[in-house]
Amino acid sequence: MTLNETSRILSIIAAAYPRFQVDRAGLTLQVWHEMLGDLDYRIVQMAVQKLILENPFPPAIADVRKLASEISTPKEEQLDPAEAWGEVEKAIRYFGSYREEEALASMSPAVAKVAKYMGWREICLSEEPGVVRGQFLKMFSQVQEREKKEALLPENLKNDIAMLANKHDFKLIEGGKK
């Protein structure tokens, strides 16, 4: 999104909410552009329009980013935990515990990640499937929430965090790598 498009977004918000203030020095425009500039203008525009229709108060940058992320995420990537567990059960039936690579490849990336974290063989051979199911559902929800939060970050901020982590030899959360 260009600086001019960000200005149009702020104008739309200001027109819908008379008390919404855009400072004359341009700081508001700079901050909004820095936080939303990596997004597609049309998606941000749709998000702002939806927020205007649903909320009596002006949206914050976080509201716009969150809704823009939801709008731009394909429905097939928005699995709920029960659907994710269904993928695991299907893979157990088709591939069993000995064909782990094929089983993980048959699942969506987020489901495969959680199954790998938990241990494919352990999931398959558990004598208490109800307990494993509960653990999977909880872990899947946590991973999904973490990925949603990470998706909200602007690319330049993600890069800055990665550089800082590398510089100080911190572990990055998403891959557990140094």
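Remember, predicted model here, so these are calculated numbers, not experimental data.

**Description of the environment of Met-46**
- Counting through the fold element by element, Met-46 comes out in helix α3 (residues 41-54).
- When the C-alpha positions of Met-46 and Ala-151 are compared, they lie 18 Å apart, and in sequence the two are 105 residues distant.

**Concerning the packing of aromatic side chains**
- According to the stated counting rule, one finds three aromatic pairs in the structure shown.
- Ring geometry for Phe-20 and Trp-32: centres 6.1 Å apart, planes at 90°, overall edge-to-face. Remark: Trp-32 occurs in helix α2 (residues 27-36) and Phe-20 occurs in the loop between α1 (3-16) and α2; sequence separation between them is twelve residues.
- With a centroid separation of 5.9 Å and an interplanar angle of 15°, the aromatic rings of Phe-136 and Phe-140 are classed as stacked. With Phe-136 and Phe-140 both in helix α9 (residues 129-152) and four residues apart, this pair spans about one turn of that helix.
- With a relative accessible area of 0%, Phe-136 lands in the buried category.

**Description of helix α5 (residues 81-95)**
- Between the first and last C-alpha of α5 there are 21 Å, a value that for 15 residues agrees with the 21 Å anticipated at 1.5 Å per step.
- Taken together, the buried residues of α5 touch α6 (100-105), α7 (109-118), α8 (120-125) and α9.
- N-capping of α5 is provided by Asp-80, with a side-chain oxygen placed 3.0 Å from the backbone N of Ala-82.
- One or two residues past the end of α5 sits Gly-96, with phi positive at roughly 65°.

How each quantity is defined
Residues numbered from 1 in each chain as written. Predicted model: local features only at pLDDT ≥ 70, side-chain atom pairs only at ≥ 80, totals over all residues. Heavy atoms only, no water. Helix = DSSP H or I, 4+ residues; strand = E, 2+ residues; numbered from the N terminus. Phe/Tyr/Trp six-rings, centres within 6.5 Å; stacked < 30°, edge-to-face > 60°. Buried < 20%, exposed > 50% of the residue type's maximum accessible area, 1.4 Å probe, protein only. Expected span 1.5 Å × (residues − 1). Contact = heavy atoms within 4.5 Å. Polar contact = N/O pair within 3.5 Å; in protein donor to acceptor, adjacent residues only side chain to side chain.

None of this, on its own, says anything about what the molecule does.
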